[in-house]
Amino acid sequence: MGKRVVVVGTQWGDEGKGKITDYLAGKAEVVVRSQGGNNAGHSITIDGERFALHLIPSGIFNPNIQNVMANGMVIDPVSLFKEIDQLAARGVKNFKLMISDRAHVVMPYHLILDGAFETLKGDAAVGTTKKGIGPAYTDKSARIGVRVGDLLDPVVLSDRIAANLAITNPLLKLMNKEPFDAETLLRDYLVFGERMRPFIADTSVYLNDAIEEGRKILFEGAQGIMLCLDHGTYPYVTSSSPTAAAVPLNCGIAPMAITDVVGVTKAYTTRVGGGAFPTEFEDDTSRRIREVGHEYGTTTGRARRIGWLDAVVLKHSRRVSGATGLAIMLLDVLSGIPTLNICTHYLIDGKRVDYIPGNYRAFAAAVPVYESFPGWTEDISTVGRFADLPINAQGYLRAIERLSGVPIVMFSVGPDRTQTVTLKQPFNDSDYEEE
Ligand code: GDP
Ligand code: IMO
Ligand code: MG
């Protein structure tokens, strides 16, 4: 049986999911993005060449892989074709892509509303990527969304746009914004529909067939569990669920179909956008991590906030999403830092807490309690085996396993595909180190 492996981000996003998906894609036959939209930014480095993907699954560089954008996604056709064109300009043209007819379309009014809501929220702004993600999922829930399949049917699309603008235009007027013209939208989005036609399919039927045929399937998470609409640091979250639990719903497959969950974890923590972040710190060490790790957003270019690794976050991720193994990323960035800290629990009002409180004032009041570890000075970017890591780096990885309760299956010592060490290959049943 081919395994069905989910790659999830266990922190606040940008853990290196793109790199791990591209790496594991070499072992898979199908790569699926199941949620989110072009708020995601997944960087992949192949032979020194860097690519940034936002909507397209990270299996795109392998021409044999069937890439799938599933029903749980929200897709902006403008962004989709920009990405396809940019990839083509760099020679990536030969790929297989399928888009769910049930995925929702990010429409131009969603971008306007995303920006306007952020402005109106003032100090309580979420710090979104302003890609229209929240308003697109809002319209999905409000049953006034446009789905990808609608773009192929002029009658349905006309009805869907009318149903939406009946609500969106009065809202825009209240905010002194220009209303949208139904005819113009209909014309423009039918054109997008024609361009998308070769890709559009019932991806649930395809994936169920692929499961029955025993194919190896990789599900590429976007965002991270702490940004989950249900289990993240609400309201400072995204509008979908990046957990492994959400994958079956977002793809139209059975929950039992998932065999493995790889929790992609940065060796420290970063966050972009607003919201409490207990282990955040800003000093020479955090600035060094930001520069060495190039911690600037792939999507928005914003400087990422930096913090120590937080085992409370990892335990929370394990609880709400599950993880059969961790992939520890950007370990090389920590070389040269004399002392490393991992948060083991919080103190809130003087009481020990080892879970993420639902109340954001309580979370903002959480004081991290650290266990400290000696660092290492060696450059580890060419290390190919666990045993070749400096002893203190080995100790740091073992501490992550102990504190999170999840075994490490991979670690990464640089952005390139080749800078990846596998302790247990998720698509195999046997354990081994190296390829
Ligand atoms: P994603 O959103 O989870 O796919 O992560 P991003 O691509 O937004 O951010 C991760 C960044 O770290 C990218 O710039 C990657 O190229 C880079 N990266 C991934 N793994 C490593 C690693 O092990 N070491 C270093 N130095 N960089 C890495
Ligand atoms: P990847 O897949 C990091 C954050 C935004 C903001 C919040 C809501 O690259 O890990 P949204 O535009 O989704 O409504 O913004 O979520 N956010 C991310 N942060 N990585 C991401 O994706 C993110 N996608 C959204 O910064 O705080
Ligand atoms: Mg990213």
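Rules used throughout
All residue numbers here refer to positions counted from 1 along the written sequence of the relevant chain. Following the order in which they are written, the chains are lettered starting with A and the ligands numbered starting with 1. With pLDDT at 70 or above as the cut-off, local features in this predicted model cover only qualifying residues; side-chain atom pairs require 80 or more to be listed or tallied, and sums for whole chains, interfaces and linings still use all residues. Values shown for side chains rest on all heavy atoms present in the structure; no hydrogens or waters enter the calculation. To qualify as a helix, a DSSP run of H or I must reach at least 4 residues; to qualify as a strand, a run of E must reach at least 2; elements of each kind are numbered from the N terminus. Our radius of gyration looks at C-alpha atoms and nothing else; its globule reference is 2.2 Å times the residue count to the power 0.38. Only protein chains enter the accessibility calculation, which uses a 1.4 Å probe. A residue is then buried if its area is under 20% of the maximum for its type, exposed if over 50%, and partly exposed in between. Whether two residues are in contact is decided by their heavy atoms, any of which lying within 4.5 Å being enough. Using a 1.4 Å probe, accessible areas were evaluated by the Shrake-Rupley method; residue-level cover was limited to the displayed protein chains. Here the rule is simple: two strands pair whenever DSSP picks up at least two bridges between them. Inter-axis angles, ranging from 0 to 180 degrees, are taken between N-to-C directions of lines fitted to C-alpha atoms, where helices are fitted over the stretch in contact. Each Phe, Tyr or Trp ring (for Trp, its six-membered ring) is paired with any other whose centre lies within 6.5 Å, and the angle between the two planes then decides the class: stacked below 30 degrees, edge-to-face above 60, tilted in between. A ring is scored as having a charge over it whenever the NZ atom of a lysine or the CZ atom of an arginine sits within 6 Å of its centre and within 35 degrees of its normal. Here a residue is considered near a molecule or strand provided that any single heavy atom belonging to it is located within 4 Å of it. For the purposes of these results, a polar contact is taken to be a pair of N or O atoms within 3.5 Å, where, inside protein, one atom must be able to donate a hydrogen and its partner to accept one; residues adjacent in sequence count only when each atom of the pair is a side-chain atom. Here the nonpolar group is Ala, Val, Leu, Ile, Met, Phe, Trp, Tyr, Cys and Pro; Asp, Glu, Lys and Arg are the charged ones; every other residue, Gly included, is treated as polar. Any Lys or Arg side-chain nitrogen found within 4 Å of a carboxyl oxygen on Asp or Glu counts as a salt bridge. Segmentation of the chain into domains, including their bounds, is taken from an automatic or database domain assignment. Summed over both partners, the accessible area (1.4 Å probe) lost when two parts come together is defined as the buried area.

1. Points about the overall build of the protein
- On a plain count of helices and strands, the protein comes out with twelve helices and 20 strands.
- For a compact globule of 435 residues, the expected C-alpha radius of gyration is about 22 Å, and the protein comes in at 22 Å, within 12% of that figure.
- Counting the 435 residues in the protein, one finds 58% classified as buried.
- Considering only intrachain contacts with a sequence separation of at least 6, the fraction spanning at least 24 residues in the protein is 76%.
- Of the roughly 17600 Å² that the protein leaves accessible, carbon and sulfur atoms contribute 52%.

2. Thoughts on the pairing of strand β4 (residues 49-53)
- Where strand β3 (residues 42-46) meets β4, five bridges bridge the pair, whose relative direction is antiparallel. Considered in β4, the bridge of T45 is made with R50.
- Counted between consecutive antiparallel strands, the loop separating β3 from β4 contains two residues, among which D47 sits at a positive phi close to 50 degrees.

3. Notes on the sheet that holds strand β15 (residues 325-329)
- A sheet is described by the order of its strands in space; here ten strands give the open sequence β9-β7-β5-β2-β10-β1-β11-β15-β19-β20, paired in mixed fashion. Each edge of the open sheet carries a strand with a single partner, namely β9 (200-201) and β20 (420-422).
- Sheet topology note: the strand β2 (residues 30-33)/strand β5 (residues 66-69) ladder contains four bridges and is parallel. When the bridges of β5 are listed, V32 appears paired with V68.
- Across the face of the sheet, helix α7 (residues 203-212) comes into contact with β1 (4-9), β2, β5, β7 (96-100), β9 and β10 (217-220) while running at roughly 135 degrees to β5.

4. Thoughts on the environment of M98
- Along the chain, M98 falls in strand β7.
- Here M98 falls in the buried class, since its relative accessible area comes to 14%.
- Sequence-wise, M98 and N64 are 34 residues apart; in three dimensions their C-alpha atoms are separated by 13 Å.
- Sequence-distant contacts of M98, that is, excluding residues within four places in its chain, are made with Q66, N67, V68, M69, F199, A201, T203 and Y206.

5. Observations concerning unusual backbone geometry
- P235 follows Y234 through a cis peptide bond whose omega is 5 degrees.
- Here P235 shows up in the loop between β10 and α8 (247-251).
- For D47, which is not glycine, the phi dihedral falls at a positive 50 degrees.
- Residue placement: D47 occurs in the loop between β3 and β4.
- Even without being glycine, H294 reaches a positive phi, approximately 50 degrees.
- Its location among the elements puts H294 in the loop between α9 (284-292) and β13 (305-307).
- The exposure class assigned to H294 is exposed, which follows from its relative accessible area of 62%.

6. Observations concerning the environment of L172
- Its place among the elements puts L172 in helix α5 (residues 154-174).
- In the structure, L172 is positioned 60 residues away from I112 in sequence and 8.7 Å away in space, judged by C-alpha atoms.
- Ignoring sequence-local partners within four residues, the contact set of L172 consists of I112, L113, K177, E178, P179 and F180.

7. As for the packing of aromatic side chains
- For the structure shown, the criterion picks out eleven aromatic pairs.
- Geometrically, the ring pair formed by W12 and F277 is tilted, given 5.2 Å between the ring centres and 50 degrees between the ring planes. Placement of W12 in the loop between β1 and α1 (17-25) and of F277 in the loop between β12 (269-271) and α9 is noted, with a sequence separation of 265 residues between them. Like W12, the residue F277 is buried in the burial classification.
- Clustering of aromatic rings is evident, with ring pairs tying together F81, Y189 and F192.
- Against the face of Y23 rests K27, its NZ or CZ located 5.5 Å from the ring centre.
- Just above the ring of F51 sits the side chain of R90; from NZ or CZ to the centre is 4.1 Å.

8. Topic: the site of ligand 2
- As a matter of local geometry, ligand 2 sits amid 20 residues, with D14, K17, H42, T129 and T238 nearest to it.
- Within the contact set of ligand 2, an oxygen atom lies 2.6 Å away from a side-chain nitrogen or oxygen of T238.
- Contact with the protein chains hides 98% of the accessible area of ligand 2, taken as 550 Å² for the molecule alone.
- Taken together, the residues of the shell around ligand 2 break down into seven nonpolar, ten polar and three charged.

9. Let's talk about the pattern of salt bridges
- Throughout the structure, instances matching the rule amount to 21 salt bridges.
- The residue K266 makes a salt bridge to E295 at a minimum N-O spacing of 2.9 Å. Placement of K266 in strand β11 (residues 260-266) and of E295 in the loop between α9 and β13 is noted, with a sequence separation of 29 residues between them.
- Residue K266 is classed as buried on the basis of its relative accessible area, which comes to 1%.
- Classification of E295 by relative accessible area gives buried; the value is 0%.
- Residues joined by salt bridges that share partners form a network here, namely D14, K266, E295 and R304.

10. Describing the domain arrangement of the protein
- On domain assignment, one finds that the protein holds domain 1 (4-101 + 201-257), domain 2 (105-196) and domain 3 (265-422).
- Relative placement of domain 1 and domain 2: their C-alpha centres are 23 Å apart.
- Facing the 25 residues of domain 1 at the interface are 20 residues of domain 2.
- For the pairing of domain 1 and domain 2, the buried interface totals around 1800 Å² over both sides, and the portion due to carbon and sulfur atoms is 66%.
- On the domain 1 side of the interface with domain 2, the three residues burying the most area are V74, P77 and F81, jointly 30% of the side's total.
- At the junction of domain 1 with domain 2, the criterion picks out one salt bridge.

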